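# Observations on the three-dimensional arrangement
Below, each chain spelled out in residue letters.
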Amino acid sequence: MKKIKVTQVKSVIDRSERQKRTMVALGLKKMNSSVEVEATPQILGMVTKVSHLIKVEELA
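Okay, so let's go over this structure. In this text, all values refer to a predicted model and were calculated from it rather than measured experimentally.

Attention now moves to the nonpolar core. Counting 13 residues, the largest nonpolar core has I4, V6, L28, V47 and I54 as the members making the most contacts within it. If you list the elements that add at least two residues to this core, you get β1 (3–8), α1 (17–26), β2 (34–38) and α2 (41–49). Leaving out residues up to four positions away in the same chain, I54 has contacts with V6, T7, Q8, V9, M23, L28 and V47.

Below, the structure is given as C-alpha cells:
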C-alpha cells in the first residue's frame, strides 16, 4: 500500500468540530506536525475534507 506524509499547515481554531475531529483522527494535533499514513480510501477521504488545512506529500 502507498504511504503519504500529511503535515498541518493551518490552525484548527475557528473551524467546525467535525474538521477538528478529522485532524485528530489523522494524528495531527499541533501546527507543523507531520504523520506518515497508509493511503487507504478512508484516509484519502479525511484528507479531502481538511485539504485546506494540510499539505500532502507522496512517499516512495
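Moving on, there is more to tell.
Turning next to the sheet that holds β2. The strands that make up a sheet are held in pairs by hydrogen bonds between backbone atoms, and each pair lies either parallel or antiparallel. Taken in spatial order, the three strands line up as β2-β1-β3 in an open sheet, and their pairing is antiparallel. Looking at the sheet topology across the chains shown, the edges are occupied by β2 and β3 (54–59). Each neighbouring strand pair of the sheet contributes to a mean axis angle of 25 degrees, computed without reference to strand direction. Here β1 runs beside β3; their pairing, made up of six bridges, is antiparallel. Across the sheet, V6 pairs through a bridge with V56, a residue of β3. Packed on one face of the sheet, α2 meets β1, β2 and β3 and runs near 25 degrees to β1.

To continue, consider α1. For α1, the set of buried residues is T22, M23 and L26. Here the buried residues of α1 occupy an arc of 100 degrees about the axis, which is enough to place them on one side. Residues R21, V24 and A25 are exposed on α1 and point more than 90 degrees away from its buried face. Elements that come into contact with the buried residues of α1 comprise β1, β2, α2 and β3. After α1 finishes, the residue G27 shows a positive phi value of roughly 95 degrees.

Quick notes on the rules
Residues numbered from 1 in each chain as written. Predicted model: local features only at pLDDT ≥ 70, side-chain atom pairs only at ≥ 80, totals over all residues. Heavy atoms only, no water. Core = buried A, V, L, I, M, F, W, Y, C linked by side-chain atoms within 4.5 Å. Buried < 20%, exposed > 50% of the residue type's maximum accessible area, 1.4 Å probe, protein only. Helix = DSSP H or I, 4+ residues; strand = E, 2+ residues; numbered from the N terminus. Contact = heavy atoms within 4.5 Å. Pairing = 2+ DSSP bridges. Axes fitted to C-alpha atoms, helices over the stretch in contact; angles between N-to-C directions. Arc of directions from axis to C-beta.

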